[in-house]
Every structure is written in C-alpha cells, then in structure tokens.
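# Structural description and commentary
The residues making up each chain are set out below.
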Amino acid sequence: MPKLLNILRRWTVYYLLGSGIAINLLLMAAYSYDREAFASAYDRLMLAIRQTTAPNTLLAEQARWRQRLDADIAANFAPWQSLPETTPPIAANRIKIGDKLYFTLAAASADLEDQQTLLIGPGVYREALVLNQNHIHVIGSGRVVLDGISAEGKAAILTKGLDISISNIECKNIAVPDQNGACLRSEGLGLQLNHVYFHDAEQGILSDNKPQQTIHITDSRFEKLGKDGRAHGLYIGGGELLIEDSLMLAAVSQGHEIKSRARKTTIRHSIIASLAAEDSRLIDIPNGGELLIEDSVLEKGPPSANSGAIGYGLEGLSYLDNSITLKRNAIILERTGHNLLLSVVQTDKPLPIVGIGNATVSKDAVELDGLNWLYPDRAAAKMADYPLLPKLGTRQGQNSGRAGQ
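So, here's what we can say about the structure. (Residues numbered from 1 in each chain as written. Predicted model: local features only at pLDDT ≥ 70, side-chain atom pairs only at ≥ 80, totals over all residues. Heavy atoms only, no water.)

Here the focus is the overall build of the protein. Counting its regular elements, the protein contains four helices and 32 strands. Here the protein holds 405 residues, and the buried ones make up 51% of them. Accessible area of the protein: about 18600 Å², with a carbon and sulfur share of 55%. (Helix = DSSP H or I, 4+ residues; strand = E, 2+ residues; numbered from the N terminus. Buried < 20%, exposed > 50% of the residue type's maximum accessible area, 1.4 Å probe, protein only. Areas by Shrake-Rupley, 256 points an atom, 1.4 Å probe, with all protein chains shown as cover.)

Here is the structure:
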C-alpha cells in the first residue's frame, strides 16, 4: 500500500506540473495571437474575482477614485466659463428671436423659422429644446444651463433640421429610462457646436447613423459622461466627426470618452483624458474608417476598466478606406493593469497605421511604426507627476479650461 501511495503522489505531482506547463503555454500563445482579447479577458476575470471575494473592498476603491476625480480635473483645468452676455443683453430666463421676446423655449422653438437665430438669456432652464427648422443658430447669452430635462425621452436638445449651430450652452444631469439620455441628440444633418459644456449626464452627444451627417465641435468641454458601458461622452453613429480645441474628460461607468462610427474621425489640438475615472477606451472607432489624431494629449488613467486606449474596427470594418494616423501627440498610458495603445481588428492585410512624432509614456511595450519616442515613465519623458497633464501648444480656445490656463 505505501508503494502504491508513493506512485500516486508522484503521478499527481507530474500531472500538476504538466498541467501547469500546458496552461502557461496556452496562455502565452493566446497572448501572442491577440493581446487585446487576452488582456480584456484577464481584466474581466480579475474584476469578477474581486467582485466575488471582496465586494466591499472594490466599492471602497471605486469610491476613493471618484472622490479624487474632481480634484484631478481641478488640478489641470480652470472651471468652465460661459461667454459674455450679448449686446444688448437679454433678461434672465427670456428667449429672443429678432425683436420678439418669449418666456419659454417651447414657445420660441414653435415660432422659429428657417435661417433664424435663437438667443437664450442667462438662467437655469428645466425645459427641453426641440429644433425642427433648418440653418438655425442657437446662442446662449451669458451662462445658460439646461438641467435635468429631456424631450421625447431622448435629450435636453433634440435637433431634427439641417445645418444647426449651437454656442455657449451648458447641459447637465440628463437621464432617461433607456439610459441613453443625452445633452444633445442629433437626428438631422449638419451640426456645429462651439463652446458648449456637457457634463454629468448619461451621454454628451448621441447622433443617428446617417452617412451625410457632419458634426464639428470646437472649443468645448465634455466631462463625466457615460452609463454602464453603453452610453459615452460622444457617440457618433455615422458621417464625419471633427473635434478641435476641446476637452474630452473622465468618462464614467465604463463609457468611452469618444465612440465614433463615422467614416472619418478627426481630432486636433484637444485633450482626451481618463484621470481618475473608471472609463473604458479613450477613443473607440468600432467600424473603422479614417482616424486622424494630431497635436493632442491622450491620457489613460490608473483605474480605467479597459486595457486599450484606442480601439479600431473591433466590431467589423464598414468602410473601403481604413487608416490610423497619429501625429505629434503626447500619449500617457498609466493604467494600473495592462496597457495597449492600439487595439486593432485582425485583417488579412495590414491596416495603414502611421505614427509621426508621438511621445508615449508606458510601462508596457507600445507598437507604433514611424519616428516616435517611448518612455518608461513620466520622469524619463520630463513630464510632471500624475495627475498633471502636458500643456497643449500656444493655440488657445475661448475659456474651455484648458491645461495651463
């Protein structure tokens, strides 16, 4: 009997050793084949283990990061400021079309005609704005805030016409039953936003998937937006998206700062940063197309839930022209777990990926062809410690609260 027990013990050891070696070989093969899928699966496994074994510890950790988030934002950016009141000024909580004065947004929007300008006086409005007309300008005079309201169960501002421009509007606290409550829902064609501040809502902008859609955002700030990984800071359904001189900050509840299904997405001179938010990707381009990011700052913060900073084509390529171009960006990947700069769909032939003059900080390997610089930490890159972000260049917008202002 003792001899039999010794044989069993020996074979048990051999079995465990062999199984361990086989599992490690399989894990190494999986990691080599698809790093994004491997890292994502690992993240989900670790999160599930933490939620099962120490839910109170996890909740406490999340609460600690959320408390830190406002401090991190304040360390980098001045509070958003509205533009000065128009001349002559409009009385508080009054709306004007030409020389005619209105007391509610509903009355004004019902009377609005194509090619007119809607001026909104300073105040907090708990009434949604629906725009059915074409070639309309909406301008906030002083501080104009849309707070906690929605039209048709969709958004605080609902645009249905052609060529709508909106300037100097703040929006917050938007939530609807389907958890896609947006500050602005675009159902028309042609949208321009200048100096808007959308924050603390389920979604900043949600647009339809019309291929003719164009959305142009300048000198604006999107902050603490997202809901359960399905609503995001920006969720663009199609067409073209251009973002310039803007801040996309701290998506929450595992949302992306930017999710764009547009055939062409261009980001210039902007900051996209997680800081202490539990976001997902900074930028998700699920259906491919042309992606250009230049002269911008990308920062992946410590508690981020997703290992990838930029996702591309992970829901299938929908366009003939597909490319990724990164030029002269400062990129900081400082997630506590694994970090990937690009999570790109596997294709039969390599996708065109161009990197020129990017400075990247990451403790993990970064694969980016071209003349770029990789640093193991902020000190090596001569960057200030977390949570401070690099400053953008001299080009400045109108009081967006940009780093260094």
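Next comes the rest of the description.
The next point concerns the pairing of strand β26 (residues 308–312). Taken across its five residues, β26 has five buried, putting it largely inside the fold. Pairing between strand β23 (residues 283–285) and β26: three bridges, direction parallel. Bridge pairing in β26 links aspartate 284 to glycine 311. Pairing of β26 with strand β29 (residues 340–344), which is carried by four bridges, proceeds in the parallel orientation. In the sheet register, tyrosine 312 faces β29, and the bridge partner there is valine 344. (Pairing = 2+ DSSP bridges.)

Counting residues in hydrophobic clusters, the biggest one holds 66 residues, and the most contacted among them are Ile120, Ile166, Leu193, Ile217, Phe222, Ile283 and Ile310. Formed by 22 residues, the second largest nonpolar core is a distinct cluster that contains Val252, Ala277, Val361 and Ala381. (Core = buried A, V, L, I, M, F, W, Y, C linked by side-chain atoms within 4.5 Å.)

A complete count under the given rule lists one disulfide for this structure. Through a disulfide, cysteine 171 is tied to cysteine 183; the S-S separation comes to 2.4 Å. In this structure the cystine formed by cysteine 171 and cysteine 183 twists about its S-S bond by roughly -95°; its chirality is therefore left-handed. Taken together, the residues cysteine 171 in strand β10 (residues 170–172) and cysteine 183 in strand β11 (residues 182–186) connect sequence positions 12 residues apart. (Disulfide = S-S within 2.5 Å.)

Time to look at the sheet that holds strand β18 (residues 240–244). In sheet architecture, strand pairing relies on hydrogen bonds along the backbone and comes in two forms, parallel and antiparallel. Ordered by their spatial adjacency, 12 strands build an open sheet running β2-β1-β3-β6-β9-β12-β15-β18-β21-β24-β27-β30, and the pairing between neighbours is mixed. With one partner strand each, in any of the chains shown, β2 (100–102) and β30 (353–356) form the two edges of the open sheet. Between one strand and the next, the sheet's axes are offset by a mean angle of 10°, whatever the strand orientation. (Axes fitted to C-alpha atoms, helices over the stretch in contact; angles between N-to-C directions.)

Moving on, we get to the pattern of salt bridges. If charged atoms from side chains of opposite charge come close, those side chains can pair. By the definition in use, this model includes 22 salt bridges. Between arginine 68 and aspartate 72 there is a salt bridge whose closest N-O contact spans 3.4 Å. Placement of the pair is arginine 68 and aspartate 72 together in helix α3 (residues 55–76), with a separation of four residues, close to one helical turn. Looking at arginine 68, the relative accessible area reads 35%, which means it is partly exposed. Taking relative accessible area as the criterion, aspartate 72 reaches 4% and is therefore assigned buried. As a salt-bridge pair, aspartate 284 and lysine 259 come within 3.9 Å of each other at their nearest N and O atoms. (Salt bridge = Lys/Arg side-chain N within 4 Å of Asp/Glu carboxyl O.)

Let us now look at the pairing of strand β7 (residues 144–147). Every second residue of β7 is oriented toward a common face, with Val144 and Leu146 on one face and Val145 and Asp147 on the other, all of them buried. In this sheet, β7 lies alongside strand β4 (residues 123–125) in parallel orientation, the contact comprising three bridges. Considered in β7, the bridge of valine 124 is made with valine 145. Bridge analysis of β7 against β10 gives three bridges, and the strand direction is parallel. Across the sheet, residue valine 145 finds its bridge partner in β10, namely glutamate 170.

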